[in-house]
Amino acid sequence: MRAGWGLVLIWLAAAAGLPDRGSAQSGASAAPEEGRFFRVHPLGFVEMEVAEATAKAIVGAEGTVVPDRRQQRLLVRATESEHRRLADALAALNRPPPNIRIDVEFDDLSSDRRRGASVSGGGVFGPGVSDVSIGLSVEDRTTRAHDRVRQSLVVASGREALLRVGERVPYLAWLDGWGRRAGLYSTEIQWEDVGAFLAVEPTLIGEGPEIRIRLIPELSGRVAGRPHRIRFAAAATEVIARAGEPISLGGLARDHEFYSRFLVGADRGGSARSLNITLTPTLLAPPR
């Protein structure tokens, strides 16, 4: 009779959903696995590479991280707790980049050389009179003009701005050959209208005051009636400057031969101008 009552109590416990002593012990060591699901994480000001590396470190090998660069977001498959940790991490990283003012000084030395020769003559002619004089004048004159132009631009850290070097490119054939030798393209480009630019990308190092400035030469114009541009990434260079201290591009040791031709502009009149460009970065305080 007691055995019968025992069976009844076990049946009632099972019907009520109460585990018996054996099942309770086995359930204590094996908790149910937390489910994984997809969620979209917008990045805001966080760089994609930083956000992707952070997400992969949080979700591990069991999760999935899909970068959506066009929409500046991540598609992440993870557990609820991992999603919360990732959201907190992105919120801590989501700070607007500081603005950096770049003061640019163009030290412009133009040269215009004129050569020529002229013959002048005169005299008095008459019966028995001959007084003739002939003069030869040679002109070889070089006119030099020195001009200094300043401009300023503001760009966010990690972004870029373009500086115009010249409206026309005197050494275009040489630069075109350099680009083909560097493997940027294989055939000669028939430019219709081309100007020289420098892409300037300042990036604040830590909290400053050091600023990394990346410089990339660029030709931009029209080819076959369509806009076209080429960046000479092989000639790109980086310098480290402290906020408020000027950097002269004329003293760049690397690719000196390239820059000695690239940093020569020409105005619409065709006069060549040798440029020495000085950049002075200044970290702008964020708005309060």
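Located above this text is the structure these notes cover.
We now turn to the structure provided with this report. The shown structure was predicted, so the numbers you read here are calculated from the model rather than taken from an experiment.

Brief notes about unusual backbone geometry
Going from G208 to P209, the amide bond is cis rather than trans, its omega being 5°. Residue position: P209 is located in the loop between β7 (191–204) and β8 (210–223). Residues other than glycine seldom take positive phi values, yet Q72 does so here, at roughly 55°. Note that Q72 resides in the loop between β2 (64–68) and β3 (73–78).

Things to note about the nonpolar core
Counting residues in each nonpolar core, the largest one holds 37 residues, and the members touching the most others are F262, I277 and L279. Of the residues forming this core, the biggest block, 6 residues, is contributed by β7.

Side note on the environment of H256
Tracing the chain through its elements places H256 in helix α6 (residues 256–262). The class for H256 is partly exposed, based on a relative accessible area of 49%. Residues H256 and A235, spaced 21 residues apart in sequence, show a C-alpha to C-alpha distance of 9.7 Å.

Considering the sheet that holds β2
Strand order in the open sheet formed by 3 strands is β1-β3-β2, and the pairing between neighbours is antiparallel. Two strands in the sheet have a free side with no partner beyond their single neighbour: β1 (37–42) and β2. With direction set aside, neighbouring strand axes in the sheet form an average angle of 20°. Two elements, β2 and β3, share 5 bridges in a ladder whose sense is antiparallel. For V66, the partnering residue across the bridge sits in β3 and is L75. Sitting on the sheet, helix α3 (residues 48–59) touches β2 and β3, and the angle it makes with β2 is about 170°. Seen against the sheet, helix α4 (residues 80–93) touches β1 and β3 and runs at an angle of roughly 5° to β1.

Focus: helix α5 (residues 172–181)
Taken together, the buried positions of α5 are L175, D176, G177, W178 and G179. G183 lies just past α5 and shows a positive phi near 80°.

A few points about the packing of aromatic side chains
Scanning all chains against the criterion turns up 5 aromatic pairs. Taking 5.9 Å as the distance between ring centres and 55° as the angle between the ring planes, the aromatic pair formed by W178 and F232 counts as tilted. Here W178, found in helix α5, pairs with F232, found in the loop between β9 (226–231) and β10 (237–242); they are 54 residues apart in sequence, far enough to count as distant. A single burial state applies to W178 and to F232, both of which are buried. Consider the rings of F258 and F262, whose centres lie 5.5 Å apart with planes at 15°: the pair is stacked. With a gap of 4 residues between them, F258 and F262 both fall in helix α6, about one helical turn apart.

So, the pattern of salt bridges
Overall, the coordinates contain 18 salt bridges when judged by the stated rule. One salt bridge connects E245 with R242, and the closest N-O pair in it is separated by 3.9 Å. Between E257 and R261 there is a salt bridge, and its shortest N-O distance comes to 3.8 Å. Note that E257 and R261 are positioned in helix α6 at a spacing of 4 residues, about one turn of the helix.

Notes on the packing of α3 against α4
The interhelical angle for the contact between α3 and α4, taken along N-to-C directions, is 150°, at an axis separation of 10 Å. The angle between α3 and α4 places the two elements in the roughly antiparallel class. Helix-helix and strand crossings are classified by hand; for α3 and α4 the assignment is right-handed. Side by side, α3 and α4 meet where V50, A51, T54, A55, I58 and V59 of the first sit next to E82, R85, L86, A89, L90 and L93 of the second. Within the contact of α3 with α4, the residues separate by chemical class into 9 nonpolar, 1 polar and 2 charged.

What counts, and at which threshold
- Residues numbered from 1 in each chain as written.
- Predicted model: local features only at pLDDT ≥ 70, side-chain atom pairs only at ≥ 80, totals over all residues.
- Heavy atoms only, no water.
- Helix = DSSP H or I, 4+ residues; strand = E, 2+ residues; numbered from the N terminus.
- Core = buried A, V, L, I, M, F, W, Y, C linked by side-chain atoms within 4.5 Å.
- Buried < 20%, exposed > 50% of the residue type's maximum accessible area, 1.4 Å probe, protein only.
- Pairing = 2+ DSSP bridges.
- Axes fitted to C-alpha atoms, helices over the stretch in contact; angles between N-to-C directions.
- Contact = heavy atoms within 4.5 Å.
- Phe/Tyr/Trp six-rings, centres within 6.5 Å; stacked < 30°, edge-to-face > 60°.
- Salt bridge = Lys/Arg side-chain N within 4 Å of Asp/Glu carboxyl O.
- Parallel < 35°, antiparallel > 145°, perpendicular 65-115°, else oblique.
- Left-handed = near helix turned anticlockwise from the far one by under 90°.
- Nonpolar A, V, L, I, M, F, W, Y, C, P; charged D, E, K, R; others polar.

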